[in-house]
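# Inside the fold
The residues making up each chain are set out below.
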Amino acid sequence: VQSSDAGRRFRTLEAIRQAAAIRNTPELRREAFAALALPDLQIERDISLGRGANSGGLDDGFTRYAFGRGRGAVEVYSLFNQQPITVLPAGTNLTAQLPRFSPDGRYLAFKRDRSGGFDSDLEVWDLAATQRVIFAQSAVAREAFSFHPHVPRLLAGRPSGRLVTWDLEQGRELMSWRLPPHWSVSYSPDGTRFAVSCGQGKGAVVEIRDATNGAVLASAAFPDT
């Protein structure tokens, strides 16, 4: 119970189960309750992606996973049997990173890095049609892209700081706002707001903004300590 290693809850409960077969005591029950209260993780299975694979991502239903293989194609596999579903050919010779599925599983977005992740091209694919719907150069800075939770839209921050809402069905920009260069962005679960983080001096600032007009609703500064 006192261990800080992953799997401590499960190992403790198994030890208690074996000990209880010899003698079931109040002390064992006390330790069982202590183990059940621990937050923990347990590895269910290992999946080999093969040589050259990098930066994988799972869909929300845990049915598929996608990963890039260097500067090549992005591959989509079934999580159930590890069989290939589709291969998305490379649109450029840059390394594919951070594949992310839309919440409904229809779209897959990823970036291809130009300069260490600070300036990346954006690709979005419609997996139902196996069709690239967006290819935009220098459209993503760091990890700044996020799917809307309910409608076919994507929020992406350019290295210049301009934050763009993309219409995935039309493959075009809907609206944009000028912000300081930022590191990451994420929609709220209801899609009415988004959070954005960016550098500020030697620290960082996180802002909550209205998704319809970009207005700042709240902000917090985090100095580099």
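Just so you know, these numbers come straight off a predicted model, no measurement behind them. (Residues numbered from 1 in each chain as written. Predicted model: local features only at pLDDT ≥ 70, side-chain atom pairs only at ≥ 80, totals over all residues. Heavy atoms only, no water.)

### Description of the layout of surface pockets
To be explicit about the condition: Put plainly, a pocket is an open set of points on a 1 Å grid over the protein atoms alone with protein on both sides within 12 Å along at least five of seven lines, a cavity is a set where a 1.4 Å probe fits but cannot get out, and a lining residue has an atom within 4 Å of a point. Grid points are joined across faces, edges and corners, and a volume is the space filled by probe spheres set on the points. Helix and strand labels come from DSSP, where a helix needs a run of H or I of at least four residues and a strand needs a run of E of at least two; each type is numbered from the N terminus. Residue polarity follows a fixed list, in which Ala, Val, Leu, Ile, Met, Phe, Trp, Tyr, Cys and Pro are nonpolar, Asp, Glu, Lys and Arg are charged, and the others, Gly among them, are polar.
In this structure, the largest pocket encloses a volume near 290 Å³. If you trace the largest pocket, you find it lined by Glu44, Arg45, Ile47, Leu49, Gly56, Gly57, Leu58, Phe62, Tyr65, Ala66 and Leu79. When residues of the lining of the largest pocket are traced back to their parent elements, those giving at least two are β1 (54-58) and β2 (64-68). With three residues, the top contributor of residues to the lining of the largest pocket is β1. Of the residues belonging to the lining of the largest pocket, the class tally is seven nonpolar, two polar and two charged.

### Things to note about the packing of helix α1 (residues 8-22) against helix α2 (residues 26-36)
The line we're drawing: Angular values range over 0 to 180 degrees, each being the angle between N-to-C directions of two axes fitted as lines to C-alpha atoms, with helices fitted over their stretch in contact. Here is the rule for angles: anything less than 35 degrees is roughly parallel, anything more than 145 is roughly antiparallel, 65 through 115 is roughly perpendicular, and the remaining ranges are oblique. The hand of a helix crossing depends on one turn: near helix anticlockwise from the far one by less than a right angle means left-handed, and clockwise means right-handed. Contact definition: two residues touch when any of their heavy atoms are within 4.5 Å.
Viewed as axis vectors pointing N to C, α1 and α2 meet at an angle of 160 degrees, and their least axial separation amounts to 9 Å. Taken together, the axis directions place α1 and α2 in an arrangement best described as roughly antiparallel. Relative to α2, the crossing made by α1 is left-handed. Contact residues: α1 offers Arg9, Thr12, Leu13, Ile16, Ala19 and Ala20, while α2 offers Leu28, Glu31, Ala32, Ala35 and Leu36.

### Quick word on the pattern of salt bridges
Cut-off, in case you're wondering: A side-chain nitrogen of Lys or Arg and a carboxyl oxygen of Asp or Glu constitute a salt bridge if their distance falls within 4 Å. Under the scheme applied here, a residue whose accessible area is under 20% of the maximum for its type counts as buried, over 50% as exposed, and between as partly exposed, the area being computed with a 1.4 Å probe on protein chains only.
The tally for this structure, following the rule as stated, stands at 14 salt bridges. Between glutamate 143 and arginine 100 there is a salt bridge, with the nearest N and O atoms lying 3.9 Å from each other. Of this pair, glutamate 143 sits in the loop between β8 (131-140) and β9 (145-147) while arginine 100 sits in strand β5 (residues 95-101); the two residues are 43 residues apart in sequence, bridging distant segments of the chain. Take arginine 100: its relative accessible area is 26%, and that puts it in the partly exposed class. Between aspartate 113 and lysine 111 there is a salt bridge, with the nearest N and O atoms lying 3.3 Å from each other. What makes aspartate 113 buried here is its relative accessible area of 18%. You can call lysine 111 buried: its relative accessible area is 4%. Residues joined in a network through salt bridges with shared partners are Arg106, Asp126 and Glu169.

By themselves these figures say nothing about function.
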